[in-house]
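Summary of the model geometry
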Amino acid sequence: MAVATAKQWGVTPAISHSFPNEREIASNDALIAELKRQNNFESVEETEKRKATLQLIQKIVVQFVKHVSSLRNLPQSSIDTAGGKIFTFGSYRLGVYGPGSDIDTLVVVPKHVTREDFFEHVPALLEGMAPADAIQELTPVPDAYVPIIKLELSGISIDLIFARLELASVPMTLTLKDTSILRGLEDKDLRSLNGTRVTDEILESVPQQKTFRTALRGIKLWAQRRAIYANVMGFPGGVAWAMLVARICQLYPQATGSVIISKFFVLIGSWKWPQPVMLKQIESGPLGVRVWNPTIYPSDKFHLMPIITPAYPSMCATHNITLSTKAIITKELQRGREITDKIFAGQMQWKDLFTKHTFFTEDYKYYLSVVTSSRTKDAQHVWSGFVESKIRLLVASLETQGSISVARPFNKGFDREHHCKSDEEIEAVLNGDLKYQATNVKTETTDAVNDPKHNATAQGNAEGMTMPNGDGEHHTNGESKQVIYTTTYYVGLEIAQDAKRLDISYQTREFTEMCRNWTNYQRELNSLFIVHTRNYDLPIDVFGPGEVRPMRPKKKTTIKKRNMDASGLEEIPDQNGDNGIKRRRSDEQVSNT
């Protein structure tokens, strides 16, 4: 009797088809319980609320297409069948969303409806068809790399993007799998369709979607807690982490989510980079567009940890990774392997895997504080987004300095507000001083603020964005104060063991000049300075509850011959006062509580 051959998932056969044993099932139950304790799942009521909100969006889209069809003087029969359909992608479509997660939503329309129609008519239809007071935010960003309408509807954040197909109608039965629908589309439409197409391919590539979702929830939480989750900063983003988890699911098709996480750290931690991670063989297609191929495109050869999207046209989702971020990811994968080994040995618990990073508390003695500032809040969102999109280039440049072994960017910025009475106070703030920080305004991280214009600029369309102007005056008790808005990014520096001196003036000057040469930069509105910061000089607001700022080391009585710090490392000050490189003194640092 012939033995049935197990289905192969992915580009290679499975490593094991073994079914889980009792210990693995118990470990999976413990994992799910811990994820629930970590507030990783939302309530059934909230999920139903999401579904109802998406149903409303679908109705609005159909009405939008009918409205535009009528404006085009189409016959009634065509108006009635024009359709229009929404697709979700990202964490919601993958099934790994939690409380407060956005819903990434794609609006697909027929060929007679334009992107200009989308931004002209959809906001008014949303306002008109949504329940009274249901819309808390509505921000169109038509100039983004992927044009978007950001809204908060009934307490749910929704990102609406647009794609027009070369079809006379878009019925509810339409799927996006067939590559023929991509013919004749503009680049912006292709980019918009890509999110849904990639997400759907990921889900189709895994043997058990429930197992995949459990494992991905765990890996996402781990990556976020360890501060290695941010594509723009040189770490994998959500799609890349999802593809890595999916690949492990293909190799262990019967395993539990807990085993998938354990094997994830073993296999990805020992992966032979730059061998790419792929869920399927790269496909050709009907378009004359670039597909990832290092044998044809020299730049693809320089991708350090290539993770390739499964939908045509396949691309590398991790092209931003640098030598330093690769080293950090590798280190964290090793830590994850050690902990999961101990979890399965009964020596540790799943909560130990999700312990918060120690970027500010333990990891580094030296930091660069990249201080971006503007005189209006709207301008600062755009300016800080642009600088954020370039931080990885600063990191790559620092890696060329022999005294630095690792330059690690923190994966989010810190937004602060400052109230100044004089030009001298403004100048101090622009140079990184926190004396004039507003005590009644909470410091927030850029991911928590989640401003759509900041995100759009950070994610790749700086040239398409415009720099907003506006009134930056703030009045308190009848006294006019100039408000300065800052966003600071931190880069931790690990100094090489044999380093005797640290001179990064060239790297920081080059970065500052590059940012200031942006066509939208306005000298009277925007500013950028890079400040050398010791760990004991870090602002108190970068530390979470229970975390302690490092202490200044006690000074030793020595004969000072050169400009040495407490570790014996000579710091080379920059001689050009206009390049944005400053040294922060500890007595200038004021705690913000």
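Residues numbered from 1 in each chain as written. Predicted model: local features only at pLDDT ≥ 70, side-chain atom pairs only at ≥ 80, totals over all residues. Heavy atoms only, no water.

In the annotation of an unreviewed UniProt entry, the entry for the chain reads Poly(A) polymerase, and the organism field reads Stereocaulon virgatum. Listed in UniProt under the heading Subcellular location (unreviewed entry), the comment for the chain reads: "Nucleus". (UniProt positions renumbered as here; feature names shortened; annotations may be inferred.)

With that settled, the discussion passes to empty space enclosed by the protein. Under the definition given, this model contains three cavities of 30 Å³ or more. For the largest cavity, the calculated volume is near 60 Å³. Lining the largest cavity are twelve residues, and of these Val-371, Arg-416, Gly-432, Leu-434 and Thr-488 sit closest to its centre. Contributing elements (two or more residues each) for the lining of the largest cavity: β8 (366-374), β10 (414-420) and β13 (479-495). When residues of the lining of the largest cavity are assigned to their parent elements, the largest contribution, three residues, is made by β13. (1 Å grid on protein atoms, 1.4 Å probe; cavity = no way out; pocket = protein on both sides within 12 Å on 5 of 7 lines; lining within 4 Å. Points joined across faces, edges and corners; volume = space filled by probe spheres on them. Helix = DSSP H or I, 4+ residues; strand = E, 2+ residues; numbered from the N terminus.)

What follows is about the nonpolar core. Formed by 123 residues in total, the largest nonpolar core has its most connected members in Phe-212, Trp-222, Trp-241, Phe-264, Phe-360 and Leu-493. Of all the elements, helix α8 (residues 238-251) adds the most residues to this core, at ten residues. Not counting residues up to four positions away in its chain, the partners in contact with Trp-241 are Leu-216, Ile-219, Trp-222, Ala-223, Ile-228, Tyr-229, Pro-236, Phe-264 and Ile-329. With 31 residues, the next largest nonpolar core counts Ile-60, Val-61, Ile-135 and Ile-156 among its residues. (Core = buried A, V, L, I, M, F, W, Y, C linked by side-chain atoms within 4.5 Å. Buried < 20%, exposed > 50% of the residue type's maximum accessible area, 1.4 Å probe, protein only. Contact = heavy atoms within 4.5 Å.)

The UniProt feature table records "domain: Poly(A) polymerase nucleotidyltransferase" (unreviewed entry) at residues 10-206. Helix and strand shares over residues 10-206 are 45% and 17% respectively, and the end C-alpha atoms of the span are 8 Å apart.

The next subject is helix α7 (residues 209-225). A rise of 1.5 Å per residue sets the reference length of α7, with its 17 residues, at 24 Å; its end C-alpha atoms lie 24 Å apart and thus fit the reference within 8%. Counting buried positions along α7 gives twelve out of 17 residues, so the element sits mostly inside the fold. (Expected span 1.5 Å × (residues − 1).)

Attention shifts here to the sheet that holds strand β4 (residues 148-153). Pairing is mixed across the open sheet formed by five strands, whose spatial order is β1-β2-β5-β4-β3. If you trace the sheet from one side to the other, it starts and ends with β1 (85-89) and β3 (135-141), each paired once. Across the sheet, the mean angle from the axis of one strand to that of its neighbour is 25°, orientation sign disregarded. In this sheet, strand β5 (residues 156-164) lies alongside β4 in antiparallel orientation, the contact comprising six bridges. (Pairing = 2+ DSSP bridges. Axes fitted to C-alpha atoms, helices over the stretch in contact; angles between N-to-C directions.)

What follows concerns the environment of Ile-149. With respect to the element layout, Ile-149 can be found in strand β4. In this structure Ile-149 comes out as buried when scored by relative accessible area, which is 0%. Residues in contact with Ile-149, not counting those within four places in the same chain, are Phe-118, Phe-119, Val-122, Pro-123, Leu-138, Thr-139, Pro-140, Ile-158, Asp-159 and Leu-160.

With that out of the way, let us pick up the environment of Ser-69. Locating Ser-69 in the fold gives a position in helix α2 (residues 44-71). Residue Ser-69 is classed as buried on the basis of its relative accessible area of 0%. Apart from residues lying up to four places away in sequence, Ser-69 is in contact with Leu-74, Ile-79, Ala-82 and His-112.

Once that is clear, we can look at the pattern of salt bridges. A complete count under the given rule lists 20 salt bridges for this structure. Here Glu-186 and Arg-164 are joined by a salt bridge, their closest N and O atoms 3.8 Å apart. One end of the pair, Glu-186, is in the loop between β5 and α6 (187-204); the other, Arg-164, is in strand β5, with 22 residues separating them in the sequence. Using a relative accessible area of 41% as the deciding quantity, one classes Glu-186 as partly exposed. On the basis of relative accessible area, Arg-164 is assigned to the buried category, the value being 19%. (Salt bridge = Lys/Arg side-chain N within 4 Å of Asp/Glu carboxyl O.)

Residue placement: Ser-397 occurs in helix α12 (residues 377-398). By relative accessible area, which is 12% here, Ser-397 ends up buried. Once residues within four sequence positions are removed from consideration, Ser-397 is found in contact with Gln-507 and Glu-510.

Here we take up the environment of Val-62. Structurally, Val-62 can be placed in helix α2. For the pair Val-62 and Ile-261, spaced 199 residues apart in the sequence, the C-alpha separation amounts to 42 Å. Ignoring anything within four residues of it in the chain, the contact list for Val-62 reads Gly-83 and Gly-84.

Moving on, we get to the confidence of the model for the chain. In the predicted model, the chain carries a mean pLDDT of 91, and the fraction of residues at 70 or more is 91%. The model gives residues 561-593 a pLDDT under 50, and that stretch makes 88 contacts with residues more than four places away or in other chains. (pLDDT = per-residue confidence, 0-100.)

Here the focus is the pairing of β8. Residues in a regular strand point their side chains to alternate faces of the sheet. Of all nine residues in β8, nine are buried, a share of seventy percent or more. Of the two faces of β8, the one holding Tyr-366, Leu-368, Val-370, Thr-372 and Ser-374 and the one holding Tyr-367, Ser-369, Val-371 and Ser-373 are both buried throughout. Sheet topology note: the β8/strand β15 (residues 526-534) ladder contains nine bridges and is antiparallel. Looking at β15, one finds that Val-371 is bridged to Phe-529.

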